[in-house]
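# An overview of the molecular structure
Below are the chains, spelled out letter by letter.
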Protein chains: 2
Amino acid sequence: METKILPGSYPMNGGDGEVSYARNSQCQKRAVDDAKKIINEAIADLIDIKNLQKSSNRFLIADLGCAAGPNTFFAVQNIIEAVDNKCKTMQKNDPEPDHQYQTIEYQVFFNDRIDNDFNTLFRSLPCSSSRPYFAVGVPGSFYGRLFPKQSIHFMHSSNTLNWLSRVPDHVGDINSPAWNGNSIFCRGDNKEVAEAYLNQYKKDMEVFLNARAEELVAEGLLALVAVGGRPSGVPLCQINMGKTYEFLGSCLFDMAAEGIISKEKVESLNLPQYYPTASEMEELINKNGRFSIEKMETFPGPGEHFHNVQTWSMIVRAGFEAIVQNHFGNEMVDEFFHRYTKKHAENLSIFYGITKLVQINIILKRKVCSK
Amino acid sequence: METKILPGSYPMNGGDGEVSYARNSQCQKRAVDDAKKIINEAIADLIDIKNLQKSSNRFLIADLGCAAGPNTFFAVQNIIEAVDNKCKTMQKNDPEPDHQYQTIEYQVFFNDRIDNDFNTLFRSLPCSSSRPYFAVGVPGSFYGRLFPKQSIHFMHSSNTLNWLSRVPDHVGDINSPAWNGNSIFCRGDNKEVAEAYLNQYKKDMEVFLNARAEELVAEGLLALVAVGGRPSGVPLCQINMGKTYEFLGSCLFDMAAEGIISKEKVESLNLPQYYPTASEMEELINKNGRFSIEKMETFPGPGEHFHNVQTWSMIVRAGFEAIVQNHFGNEMVDEFFHRYTKKHAENLSIFYGITKLVQINIILKRKVCSK
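Residues numbered from 1 in each chain as written. Chains lettered and ligands numbered in written order. Predicted model: local features only at pLDDT ≥ 70, side-chain atom pairs only at ≥ 80, totals over all residues. Heavy atoms only, no water.

As annotated in an unreviewed UniProt entry, chain A is SAM dependent carboxyl methyltransferase from Corchorus capsularis.

Shown next, in the form of structure tokens:
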């Protein structure tokens, strides 16, 4: 499956075929489910329905990094049910029992980068008669402005903020102390490389938070959920997800050693992904200053997907095929993922004792005066 | 090029290849250009910038039936330039010269049916740095609600309203007096068939106008431009566009006579298209009652495209391939359009004297109390 990819863009696999993201995102679905509770509580505690009804009676939701579905539909459905529940509770407890609450109209903005497969997303939308919202697609990177000022009430982003906007400076430069030629990811056990990745992460988060602060209404909510995180002090290479990157990298180096792909090409590949600790995120949000952290939770991310070789290798392929194909061309892709699956199977036992990724869920509220 | 099409949906050809709508819509582009003047005047005369700036300072535009571009981008660019010009004029003439007008933020909703090629549309958007608007795609039929109540300031629809939501009742029923077995379109010289088509058109326009009246802000504008129309009293079969349908139909009947496709299949094909007269449109809008007709113009539509066999047959293919393929399957498509091109070439002289389609452009304003 050949796809034309924009420079610096790494879409999830499109379509609804065997190796599509739509059919291989169970792991991400689990994370959406795990974030349900904190989102429900945030909506119950923090959304001001009365204020909303004073203005337009519309509730605008954005899902940032929605891919081609279907997880985005579950996430959005849950947000809408929570807002509806909040309305019902308010109506029940209203001291003026005759006061009629108007029905809220929902509009949902599904966002992803411009080369995301929006056609598949739209064709798999719940049908309009059973869908309690007007659906809209928004093409563009969330590391930049996507919406007019103060136009969105609730923003959600799940399984997305580990993707940086670009590969950090210097990690691809053989003359830099931050050169990361022996690895394709930020292992975390090399200080200069880790710093280069962290710096890029800081820049990206600042741009992300500033854009969202412009776009959200005053006191609008921003739910950043299923962020893959590290436990404090543990480098990524010692965590289940890090092992996946290690195996992907070692398959590439094996193929280079056999002359199938070039060694320089492998050395120059650096995945634009960063896994922060919860306190790194907290610090960046506080330093940015335009949001208050209303709720935050961390817990061990799902680990059982790693135990099923077939499922896990398809999830990995759906997420990383585009970036591999973009870097090495289409010819080596099948062979590469075949090798990766084999390597994962051979090392399966590792995934039973190993430290898991931390799942970080954070609910932010845009400060009224956010400058 | 095989496409899966939803029942009752007839998308323009997707992609950006040789037979794509994106590369074969010069005729529709000309109509967009022809409508520029009336749109500019409408914005200069009728948009209330002061009122806008009192509320949100956003200006939301929808283009209904945008296809996969690029004409929609020209139309939208023109609308934005006209609003910007209006702002500048107001600022210049403001009795309080220190009063600062805020910069308006534009958000553009590109709408088409769910099986439109939104991927191509998004990938051909002007790049975000040179684009003065936030872009959004809206999948769904405009014969129904697409947006929350009172959320759009300006709606535009060009080259679209000749498409009915469905094939009219009875024209496919061999036992009905409105059976249209000998033709694939509403020729206009059979009273029962013409009535069946007109009835469907009336129903569709009523649904269309009611939906738009809900979605537009009070006094919001609805520009219905490049509607293909008939001069009063002239049936479609006597007009250049009608000849195109006649030739399409006769190629199908030829292929049926040669046993390539089934005659019953040809008899059961009815293009869901209606070409109203200007006064039919006027009457429907007045009867609906939720809009005032602010400006209206008719003039002979472009005729020169019909004189270039290659250009015209590609325009026809880009617009009608989906519906033909959907009805007869993929095998006959190339042969069919080859025959059509030949037939058009053989009859080219007809297009020099013949009556042209009328281009109808109408600017409507949503009444403040639109119920």
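Another point: the relation of the copies chain B and chain A. Once turned by 180 degrees and shifted 0.0 Å along the axis, chain B lies on chain A with an RMSD of 0.0 Å. This pairing of chains is accounted for by a two-fold axis. If distances are taken from each C-alpha of chain B to the rotation axis, the shortest is found for glycine 137 of chain B, at 2.4 Å. Both copies present the same face, since 100% of the interface residues in chain B are matched by interface residues at the equivalent positions in chain A. (Least-squares fit on C-alpha atoms with pLDDT ≥ 70 in both. Contact = heavy atoms within 4.5 Å.)

Counting residues at the interface gives 26 residues for chain B, matched by 26 residues for chain A. Inspection of the chain B/chain A interface yields 2 salt bridges. For arginine 145 of chain B, the salt bridge goes to glutamate 105 of chain A, with nearest N and O atoms at 3.1 Å. Linking chain B with chain A are 18 residue pairs in polar contact (both at pLDDT 80 or more). When residues of the side of chain B that touches chain A are traced back to their parent elements, those giving at least two are β2 (105–112), α5 (118–123) and β3 (133–139) of chain B. For the side of chain B that touches chain A, the element with the most residues is β3 of chain B, which contributes 6 residues. Residues of the side of chain B that touches chain A, tallied by class, amount to 13 nonpolar, 6 polar and 7 charged. (Salt bridge = Lys/Arg side-chain N within 4 Å of Asp/Glu carboxyl O. Polar contact = N/O pair within 3.5 Å; in protein donor to acceptor, adjacent residues only side chain to side chain. Helix = DSSP H or I, 4+ residues; strand = E, 2+ residues; numbered from the N terminus. Nonpolar A, V, L, I, M, F, W, Y, C, P; charged D, E, K, R; others polar.)

This next bit is on helix α4 (residues 71–92) of chain B. Taking 1.5 Å of rise per residue, 22 residues should cover 32 Å, and α4 of chain B covers 32 Å from first to last C-alpha, within 8% of that figure. Three or more residues of α4 of chain B are buried, namely Asn71, Thr72, Phe73, Ala75, Val76, Asn78, Ile79, Ile80, Ala82, Val83, Lys86 and Cys87 of chain B. (Expected span 1.5 Å × (residues − 1). Buried < 20%, exposed > 50% of the residue type's maximum accessible area, 1.4 Å probe, protein only.)

Quick look at the packing of helix α2 (residues 36–46) of chain A against helix α4 (residues 71–92) of chain A now. How two helices sit against one another is set out by the angle between their axes and by the gap between those axes. Residues and elements named next belong to chain A. Look at α2 against α4: their axes get within 9 Å of each other, and the N-to-C directions meet at 35 degrees. Viewed along their axes, α2 and α4 form a crossing whose handedness is right-handed. Contact residues: Lys36, Ile39, Asn40, Ile43, Ala44, Asp45 and Leu46 in α2; Asn78, Ile79, Ala82, Val83 and Lys86 in α4. (Axes fitted to C-alpha atoms, helices over the stretch in contact; angles between N-to-C directions. Left-handed = near helix turned anticlockwise from the far one by under 90°.)

Here we come to the pattern of salt bridges. Residue and element names in this part refer to chain A. Enumeration according to the criterion identifies 38 salt bridges over all chains in this entry. One salt bridge in this structure joins glutamate 280 and arginine 230, with 3.4 Å as the shortest N-O distance. Taken together, the residues span a long stretch of sequence, with glutamate 280 in helix α9 (residues 278–288) and arginine 230 in the loop between β5 (216–229) and α7 (240–257) at a distance of 50 residues. Each member of the pair, glutamate 280 as well as arginine 230, is classed as buried.

Moving on to the nonpolar core. Formed by 79 residues in total, the largest nonpolar core has its most connected members in Phe109 of chain A together with Phe109 of chain B. In this structure phenylalanine 109 of chain B touches Gln107, Phe109 and Val136 of chain A together with Leu60, Ile61, Ala62, Asp63, Val136, Val138, Phe147 and Ile152 of chain B, once residues within four positions along its chain are discounted. Within the second largest apolar cluster, 68 residues are counted, among which are Leu221 of chain A together with Ala82, Val83 and Phe154 of chain B. (Core = buried A, V, L, I, M, F, W, Y, C linked by side-chain atoms within 4.5 Å.)

Residues and elements named next belong to chain B. Within the secondary structure, asparagine 162 is located in the loop between β4 (152–158) and α6 (191–215). The buried category is assigned to asparagine 162, whose relative accessible area is 7%. From its side chain, asparagine 162 meets the backbone oxygen of glycine 228 in a polar contact 2.7 Å long. Those residues in contact with asparagine 162 that sit more than four places away from it in its chain are Ala226, Val227, Gly228, Pro272, Gln273, Tyr274, Tyr275 and Pro276.

A word on the pairing of β3 of chain B. All names here are of chain B. A large share of β3 lies buried, amounting to 7 of its 7 residues. Covered by surrounding structure in β3 are Tyr133, Ala135, Gly137 and Pro139 together with Phe134, Val136 and Val138, the residues of both alternating faces. For β2 and β3, the ladder comprises 7 bridges, and the chain directions are parallel. Each residue of the ladder has a partner; that of asparagine 111, found in β3, is valine 138. (Pairing = 2+ DSSP bridges.)

Once that is clear, we can look at the state of the cysteines. For the structure shown, the criterion picks out 0 disulfides over all chains. With no disulfide of its own, cysteine 186 of chain A has cysteine 237 of chain A as its nearest cysteine by sulfur position, at a separation of 9.2 Å. Considering cysteine sulfurs only, cysteine 237 of chain B is the nearest to cysteine 251 of chain B, which forms no disulfide, with 17 Å between them. (Disulfide = S-S within 2.5 Å.)

In this section: the pairing of strand β4 (residues 152–158) of chain A. Residue and element names in this part refer to chain A. Most of β4 sits out of view: 7 of its 7 residues are buried. When strand β1 (residues 58–64) meets β4, the two strands line up parallel, connected through 3 bridges. Paired with isoleucine 61 across the strands is phenylalanine 154, a residue of β4. Note that β4 and β5 share 6 bridges and pair parallel.

What follows concerns the packing of α7 of chain A against helix α10 (residues 309–328) of chain A. Residues and elements named next belong to chain A. The geometry of α7 relative to α10 is characterised by a closest axis approach of 12 Å and an angle of 45 degrees between their N-to-C directions. Relative to α10, α7 is oriented oblique. Seen along the crossing, α7 lies across α10 with a hand that is right-handed. Residues Met241, Thr244, Tyr245, Leu248 and Leu252 of α7 touch α10, and the partners they reach there are Trp312, Val316, Phe320 and Phe328. Split into classes, the residues belonging to the contact of α7 with α10 amount to 8 nonpolar, 1 polar and no charged. (Parallel < 35°, antiparallel > 145°, perpendicular 65-115°, else oblique.)

Moving on to the packing of aromatic side chains. What the rule picks out here adds up to 37 aromatic pairs over all chains. With a centroid separation of 6.2 Å and an interplanar angle of 50 degrees, the aromatic rings of phenylalanine 118 of chain B and phenylalanine 122 of chain B are classed as tilted. Remark: phenylalanine 122 of chain B and phenylalanine 118 of chain B occur in helix α5; sequence separation between them is 4 residues, near one turn of the helix. For the pair formed by phenylalanine 118 of chain B and phenylalanine 122 of chain B, the shared burial category is buried. Both rings, one in phenylalanine 336 of chain B and one in phenylalanine 337 of chain B, keep their centres 4.9 Å apart while their planes meet at 65 degrees; by these two values the pair is edge-to-face. Taken individually, phenylalanine 336 of chain B and phenylalanine 337 of chain B each receive the classification buried, so the pair is uniform in this respect. Linked through ring pairs, Trp163, Phe185, Tyr245, Tyr275 and Phe320 of chain A together constitute an aromatic cluster. Over the face of the ring belonging to phenylalanine 208 of chain A we find arginine 212 of chain A, whose NZ or CZ atom lies 4.9 Å from the ring centre. (Phe/Tyr/Trp six-rings, centres within 6.5 Å; stacked < 30°, edge-to-face > 60°. Lys NZ or Arg CZ within 6 Å of the ring centre and 35° of its normal.)

What follows is about unusual backbone geometry. Of note, the bond from glycine 69 of chain A into proline 70 of chain A is cis; its omega dihedral lies within 30 degrees of zero at -5 degrees. Following the sequence through the fold, proline 70 of chain A ends up in the loop between β1 and α4. Not every positive phi belongs to a glycine, and glutamate 219 of chain A is a case in point at roughly 65 degrees. Note on placement: glutamate 219 of chain A falls in strand β5. A positive phi angle is found at alanine 67 of chain B, which is not glycine, with a value near 55 degrees. Looking at the element boundaries, alanine 67 of chain B is found in the loop between β1 (58–64) and α4. What makes alanine 67 of chain B buried here is its relative accessible area of 3%.

What follows covers the side chain of asparagine 270 of chain A. Residues and elements named next belong to chain A. Mapped onto the secondary structure, asparagine 270 falls in the loop between α8 (263–267) and α9. Classification of asparagine 270 by relative accessible area gives buried; the value is 3%. A distance of 2.9 Å separates polar atoms of two side chains, one belonging to asparagine 270 and the other to asparagine 180. Excluding its chain neighbours within four sequence positions, the residues that come into contact with asparagine 270 are Val167, Val171, Gly172, Asn180, Ser183, Ile184 and Tyr197.

Glancing now at the environment of cysteine 66 of chain B. Mapped onto the secondary structure, cysteine 66 of chain B falls in the loop between β1 and α4. Dropping the residues within four chain positions of it, cysteine 66 of chain B is found in contact with Thr72, Phe110, Asn111, Asp112, Asn116 and Leu121 of chain B.

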